Amino acid sequence: MMSDTIRAVILGIIEGVTEFLPVSSTGHLLLAERFFNLGEGSFWNSFSILIQLGAILAIVVIYFGKLWRVALGMFSNVADRRFVIGLLVAFLPAAVIGAAAGGYIKTYLFNPWVVCFSLIVGGAILLWVDQLDLDPHEHDATAFPLPMYLSIGFAQCLAMIPGVSRSGASIVAAMLFGADKHAAAEFSFFLAIPTMVGAFAYESYKNRAEMSFDHAGIIAIGFVVSFVVAIVVVKTFLSYVTRHGFSLFAWWRVIVGTLGLVALAMGR
């Protein structure tokens, strides 16, 4: 029997690796729980959301200088204030749709069949976008037009379907609306902060009765592991996609999704 500590470490690694890559952290966590028995029950379902805050903290640490400058300047600097407004505008669709349809989505869409099909379709879309002859004209993630921020926010809502990938949806949308790969990926990092903090707060409140002091240590382990791994992944990801694009992640999605469908068809 696998100990809860080992489960927390493995799930923390999966979260840290996949949260900011366009491969769907939720999808990978669901498949890991299904095929490797890494988490069953309401606590472990919430655990995968709670440890996302560790990955988000990695973004805050990496971009602390820029985020601190924006926080200090948003009341006096027009550009900083405009970016904060743009970030809130991009976050708004997920907040509204998530509150309205979150229960329905979890009831009917959170199953491994949906995850596997979403991984494959998302991989095909990434391959398609990677082959487009795009002419990017937005090179600064903090200076997109406000309608572009809103459009990216609506695109991010597709990631409520497990397996789609929050970062993947926002990156693809940003690129199709004119951002270069670096700026698109960077904005997906920034947008993750309010989105995942909101999800963390909601899950914490909803499942507060099931949380106990005994769970605190397990959550802390997953949090720290996801934080450390996410720092390494984010620093590597930006330079990699700028030079090589998204084909590696696209094929990973297709392979994982296909293997998952085969396992499901065999009754696993």
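In case you missed it, the structure is sitting above this.
The shown structure was predicted, so the numbers you read here are calculated from the model rather than taken from an experiment.

Draft legend 1. Quick look at the packing of aromatic side chains. Applying the stated criterion across every chain yields a total of 13 aromatic pairs. With a centroid separation of 5.6 Å and 75° between ring planes, the pair formed by Phe83 and Phe190 is classed as edge-to-face. Residue Phe83 is located in helix H6 (residues 78–108), and its partner Phe190 is located in helix H10 (residues 181–206); the two are separated by 107 residues in the primary sequence. Per residue, the accessibility class of Phe83 equals that of Phe190, and both read buried. Taken together, the ring pairs in this structure connect Phe20, Tyr63, Phe83, Phe144, Tyr149, Phe187, Phe189, Phe190, Phe237, Tyr240 and Phe249 into an aromatic cluster. A cation over an aromatic ring shows up here: Lys106 above the ring of Phe110, its NZ or CZ 5.9 Å from the ring centre.

Draft legend 2. The arrangement of the packing of helix H2 (residues 25–36) against helix H7 (residues 112–131) in detail. Contact pair H2 / H7: the axes reach a minimum separation of 10 Å and the direction vectors enclose 135°. For the element pair H2 / H7, the angle class is oblique. Between H2 and H7 lies a crossing of left-handed hand. Each of Gly27, His28, Leu30, Leu31 and Arg34 in H2 lies in contact with H7, whose residues at this interface are Pro112, Val115, Cys116 and Leu119. In terms of residue class, the contact of H2 with H7 is built from six nonpolar, two polar and one charged.

Draft legend 3. Layout of the nonpolar core. Counting 50 residues, the largest nonpolar core has Phe20, Phe144, Ile152, Phe187, Phe189, Phe237 and Phe246 as its most contacted members. Excluding residues within four positions of it along the chain, Phe187 makes contact with Phe83, Leu87, Ala90, Ala141, Phe144, Tyr149 and Ile152. In terms of nonpolar packing, the next biggest core, distinct from the first, is built from 13 residues, Leu29, Phe43, Leu50 and Ile219 among them.

Draft legend 4. Spotlight on the layout of surface pockets. Size it by volume and the largest pocket reaches roughly 830 Å³. Listing elements by their share of the lining of the largest pocket, those giving two or more residues are H2, H6, helix H9 (166–176) and H10. With nine residues, H6 is the single largest residue contributor to the lining of the largest pocket. Across the lining of the largest pocket, the residue classes break down as 17 nonpolar, 14 polar and five charged. Its boundaries defined by the atoms lining it, the second largest pocket holds a volume of some 290 Å³. Surrounding the second largest pocket, 18 residues form its lining, Gly122, Ile125, Leu158, Val164 and Ala169 being those nearest its centre. Residue assignment for the lining of the second largest pocket shows that the elements contributing at least two residues are H7 and H9.

Cut-offs used in this document
Residues numbered from 1 in each chain as written. Predicted model: local features only at pLDDT ≥ 70, side-chain atom pairs only at ≥ 80, totals over all residues. Heavy atoms only, no water. Phe/Tyr/Trp six-rings, centres within 6.5 Å; stacked < 30°, edge-to-face > 60°. Helix = DSSP H or I, 4+ residues; strand = E, 2+ residues; numbered from the N terminus. Buried < 20%, exposed > 50% of the residue type's maximum accessible area, 1.4 Å probe, protein only. Lys NZ or Arg CZ within 6 Å of the ring centre and 35° of its normal. Axes fitted to C-alpha atoms, helices over the stretch in contact; angles between N-to-C directions. Parallel < 35°, antiparallel > 145°, perpendicular 65-115°, else oblique. Left-handed = near helix turned anticlockwise from the far one by under 90°. Contact = heavy atoms within 4.5 Å. Nonpolar A, V, L, I, M, F, W, Y, C, P; charged D, E, K, R; others polar. Core = buried A, V, L, I, M, F, W, Y, C linked by side-chain atoms within 4.5 Å. 1 Å grid on protein atoms, 1.4 Å probe; cavity = no way out; pocket = protein on both sides within 12 Å on 5 of 7 lines; lining within 4 Å. Points joined across faces, edges and corners; volume = space filled by probe spheres on them.

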